[in-house]
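Chain residues, written in single-letter form:
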Amino acid sequence: MRKKNPIVLLAVLSAFVMIACQPKGQNSEKPEFVEFTEGLTHADTVAVENLVTGFMTFVQGGQYNEAAAMLYKANPENAWKEPLLLNNDELQETARLLQTFTVKNYEIVGLKFKTAVENEVTCRMTLREATATSPAVVRKMCFKPMNYLGKWILCLKDSSNGDKPLE
């Protein structure tokens, strides 16, 4: 029987311990959210754009209740849980807010995907066209599309509750 070299055994054991004790994900150079975005397809982009288009079509058509009914909010307990529909008070408040401005036209100017619950769509809305005596009135509206169980839903971004712009 061959005698085993203790230095070789010690080196192998040390390498094993170093690998086993290394925190998971440390040897990965990509952040976790890259895996989500790599799995997205053109169909995801189209689905989100269609949600925004549907919402804005309702707003332009004066169907404020229908537009508000399209919106969800992140679950306050945990954003990864099922998103919630707006309650009656929130629906009425959102519809009332949408009535305060008339959208002449809009365009999607930004679309960023990060995770299933952290995404951003930015729209530029023209509320009043420019005239010879006054400039156009243009505002920005940000949406927070979320993917829950493979289905895209639309939330409004709300900076008052901690929704920050994605970088």
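Model, not experiment: these values are computed from the prediction. (Residues numbered from 1 in each chain as written. Predicted model: local features only at pLDDT ≥ 70, side-chain atom pairs only at ≥ 80, totals over all residues. Heavy atoms only, no water.)

1. Concerning the overall build of the chain
Assigned secondary structure in the chain consists of five helices and six strands. Reading the chain from its N terminus to its C terminus gives the helix and strand order α-α-α-α-β-β-α-β-β-β-β. Here the chain, with 167 residues, has 29% of them falling under the buried criterion. Of the roughly 11,700 Å² that the chain leaves accessible, carbon and sulfur atoms contribute 55%. (Helix = DSSP H or I, 4+ residues; strand = E, 2+ residues; numbered from the N terminus. Buried < 20%, exposed > 50% of the residue type's maximum accessible area, 1.4 Å probe, protein only. Areas by Shrake-Rupley, 256 points an atom, 1.4 Å probe, with all protein chains shown as cover.)

2. Looking at the pairing of strand β6 (residues 151–156)
Pairing of strand β1 (residues 71–73) with β6 involves two bridges; the strand directions are parallel. Residue pairing across strands places Tyr72 opposite Cys155, the latter belonging to β6. Note: strand β5 (residues 137–148) against β6, six bridges, orientation antiparallel. Each residue of the ladder has a partner; that of Pro145, found in β6, is Leu154. Hairpin connection, β5 to β6: the antiparallel pair is bridged by two residues, and Leu149 has positive phi, about 55 degrees. (Pairing = 2+ DSSP bridges.)

3. Remarks on the pattern of salt bridges
Inspection of the entire model under this criterion finds six salt bridges. Its salt-bridge partner being Lys73, residue Glu90 comes within 2.7 Å of it at the nearest N-O pair. Taken as a pair, Glu90 in helix α5 (residues 88–99) and Lys73 in strand β1 lie far apart in primary sequence, 17 residues in all. Glu90 gets classed as partly exposed once you look at its relative accessible area, which sits at 26%. Through salt bridges with shared partners, a single network forms among Lys112, Glu120 and Lys157. (Salt bridge = Lys/Arg side-chain N within 4 Å of Asp/Glu carboxyl O.)

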